[in-house]
Structure formats: structure tokens, C-alpha cells
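# Overview (structure and organization)
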Amino acid sequence: MENTEEYISSAFIDLHYEGKKIKEHTMDWYEFSSSIDGFTCLLKNVAETLGVPENKLSIEIGSIQDGGLKTKIVIKCAIGIWFLDHLGGYILDNALDAINADKFIKEQTIKVANKTLNICDKGLDLVNDILDRTNTFINNKLNKKNENNPIKLLAASRDSIDTQIMKNQKNHRCLEQFVECLSNDVEKLEYSPSSSKGHKTDITFTPKELPFLTNPIKEKRDEDSEEVSTVYVTLRLEGSHLTGEEWSFVEVNKSTKKKTKPKRYKAEVYDSWLLKLGREKALTELKDVDLYCEMLVKRITKDKRDTIKRIIIKCSTEKFEPTLFDNY
């Protein structure tokens, strides 16, 4: 729109990293940049939840002072044209250009637009809202009354927006990344946001706060994963816990180099020779007999929990490939 600038709302956040090693200028650069990335990620996620278009949000990293001890994050949100778009302002603007409206009509249109921007200034200061929501998210997690209990955390949310922010797994991961430096060189991290409204909430993070800043909400994997490997082991059939489809075995370790406690586990049997003998007959005939087995080991990950599944696919009382069993 001619002679009309987008309304820019801005705020600042000062970050101060402290620690003995930092005073000696030995803070790891990757650790510092990772922390900054985590925090800017959190701000972007909160803005996205508030409906701010990505191209209307700008997050800038200010000058770094004292060898990386202090830095300033500048948040800018251009909401004027975006807000007018929602009112159909861009349609009016295009229409005026199309009919080559005279100067008076355009001036009146700009006045209406400026009034709209004033409304934005008073009631739609998105940067202040981004800061406020981010502070609420952090403070809810730090509140010892919540004890990092996901139900209590969600109950502490003021409205549906805060609830969405708290339920978003990305926000928890970004905050964890932001404060991860406290487990290394950083002994204290000061977070001081300030907005155009004069609101200021200082938060000091120390290593003792780390347990409160983890992700309390269970994450689900998009897909279960499965890793399969083949191993060659010497086993003996055991006479206990032989229920269900799996057979019980103890792993034999004859290596003079490795003296470890015998491993006992269950495994499904696909080997035709063992299956033909049957479990009871095998227990009688193969008592104290070394069995050389080719075994599949499946590591199945589901909802961040790992389970191991073993399958005997080939078994013999003689080494069918001797070199495979040299360690036993």
C-alpha cells in the first residue's frame, strides 16, 4: 500500500552465560550456538502457535560480548500488512490501483489503514504475546508445585494456546537444547526479556533447574524401528522356564580372554533338527552338550522402549563354520 509501512513490533532478550571456564574464554562455540538455536527454535514454535506467518517473524542475534558471555536476541514481528490482509485490505489496495483512483481516495484509504495499525498497536502486539507465552511455558516447567507432572503442567495453562504450547513436543526439546549447556561449561544462565510494554521477567537457570526442564510428556515415534543382526554363539539347552513358544538357553563362554557371567535368555527355535527332536527329547539327549547356533537378534524399538527378540535359525553339535565360533 503506497506510503504505508508495515507495523513492526519488537522486543529484546538478553542472555548472559556465566562460569569459571567462560571467564577464561574457553566456552565451546558449538555449545553456545546450540543453546541459541534451541531458544530461537522455541520462540518460532510459540509464534507459529499464535498464528504468526513465518515470513512476518524475524529473530536476530545481536553482538556477542565478553567472548560469548552476553548476547541479545531481537524479535521483530511485522503485522500491519498481514493484519490488513485478513481484513481484505490487500483486495482494496489492488482495486484502487486497478482503477487508478485519484489522490484523495488513496489518502483516505491510507488514513483508514493507519487507524487499523493503531488498533494493532493497542490490541495485537504479537511480540509481547510471544514473550509472554514463552515465559509462561518456562515458568510452568520451573514451578516446583507442578513437579514436572504433565497433568499439572497442562492444568497450569491459562487457555487453549498455552495448552497447545505445553503439549508441543518441539517446545520441550528446544528448551532442553537451550539449557543443555548447564551440564557442561556454563554454571549460570541469565534470561532477561523486555518488551515495548515495559514487561520484564528475569529468570536465572542453574544446573539444579535441569530436572524441571526435561520433557515430561511421553513422545511417540512415528514408526517403530527394528534392527536385526546375526550372531554365532555356543549354547546349552536349559531345563527350566521352558514354557510358551520360546526355549531357554545358557550361553557358553570358553574364551580364556573373556570371563563373564553366563548369559541366560529365551529364544524361538526355527532350526528343523531341534524342532524334530522336540523340547523334552532334546533336554534328555542334549544335556551338557554344546550347541553351535546361528542366531538372529532383533532389537525392536517401540515408544522409546527397546525389546530384544532372539531366533535360532541353525543349530548343530558340530561347528558348521569353525571360524565363526573361535571366541567360544
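This report concerns the structure included in the present document.

Conventions adopted
- Residues numbered from 1 in each chain as written.
- Predicted model: local features only at pLDDT ≥ 70, side-chain atom pairs only at ≥ 80, totals over all residues.
- Heavy atoms only, no water.
- Helix = DSSP H or I, 4+ residues; strand = E, 2+ residues; numbered from the N terminus.
- Buried < 20%, exposed > 50% of the residue type's maximum accessible area, 1.4 Å probe, protein only.
- Contact = heavy atoms within 4.5 Å.
- Pairing = 2+ DSSP bridges.
- Axes fitted to C-alpha atoms, helices over the stretch in contact; angles between N-to-C directions.
- Core = buried A, V, L, I, M, F, W, Y, C linked by side-chain atoms within 4.5 Å.
- Arc of directions from axis to C-beta.
- Polar contact = N/O pair within 3.5 Å; in protein donor to acceptor, adjacent residues only side chain to side chain.
- Salt bridge = Lys/Arg side-chain N within 4 Å of Asp/Glu carboxyl O.

Helix and strand content of the chain: eleven helices and ten strands. Burial status across the chain gives 41% buried among its 328 residues. Nonlocal contacts in the chain, meaning residues at least 24 apart in sequence, comprise 69% of its contacts between residues at least 6 apart.

With that settled, the discussion passes to the sheet that holds strand E7 (residues 246-251). Picture the strands of a sheet paired through backbone hydrogen bonds; they go either parallel or antiparallel. The five strands lie next to each other as E6-E7-E8-E10-E9, forming a closed barrel whose pairing is mixed. The average undirected angle you get between the axes of adjacent strands in this sheet is 45°. Taken together, the eleven bridges between strand E9 (residues 291-302) and strand E10 (residues 305-316) define a ladder with antiparallel strand orientation. Following the sheet pairing, Val297 is matched in E10 by Arg310.

As a further point, take the nonpolar core. Within soluble globular proteins, side chains that are nonpolar generally end up buried alongside one another. Within the largest apolar cluster, 44 residues are counted, with the highest numbers of intra-cluster contacts made by Ile13, Tyr17, Phe39, Ile138, Phe178, Tyr191 and Phe205. If we skip the residues at most four places from it in the chain, Phe205 touches Ile138, Leu142, Phe178, Val179, Leu182, Glu187, Lys188, Leu189, Tyr191 and Leu213. Of all hydrophobic cores here, the second largest spans 18 residues; its members include Phe249, Val297, Ile312 and Cys315.

All of the buried residues along helix H8 (residues 160-167) are Ile161, Asp162, Ile165 and Met166. Axial view of H8: buried residues confined to an arc of 135°, hence all on one face. Of the exposed residues in H8, those oriented more than 90 degrees away from the buried face are Ser160 and Lys167. Looking at the buried residues of H8, the elements they touch are helix H2 (29-49), helix H6 (126-142), helix H7 (150-155) and helix H9 (169-179). Structurally, the start of H8 carries an N-cap: the backbone nitrogen of Ile161 is 3.0 Å from a side-chain oxygen of Asp159.

Another aspect to go through is the pattern of salt bridges. Evaluation of the coordinates by the stated rule reveals 13 salt bridges. Among the ionic pairs, Asp162 bridges to Arg133, the shortest N-O distance being 3.1 Å. With Asp162 in helix H8 and Arg133 in helix H6, the pair connects residues that are 29 residues apart, well separated along the chain. Arg133 carries the same exposure label as Asp162, and that label is buried. For Arg236, the salt bridge is made with Asp290, and the minimal N-O distance between the two is 2.7 Å. Remark: Asp290 occurs in the loop between helix H11 (279-285) and E9 and Arg236 occurs in strand E6 (residues 225-237); sequence separation between them is 54 residues. A cluster of three or more residues bridged by salt bridges with shared partners is formed by Asp129, Asp132, Arg133, Arg158, Asp159 and Asp162.

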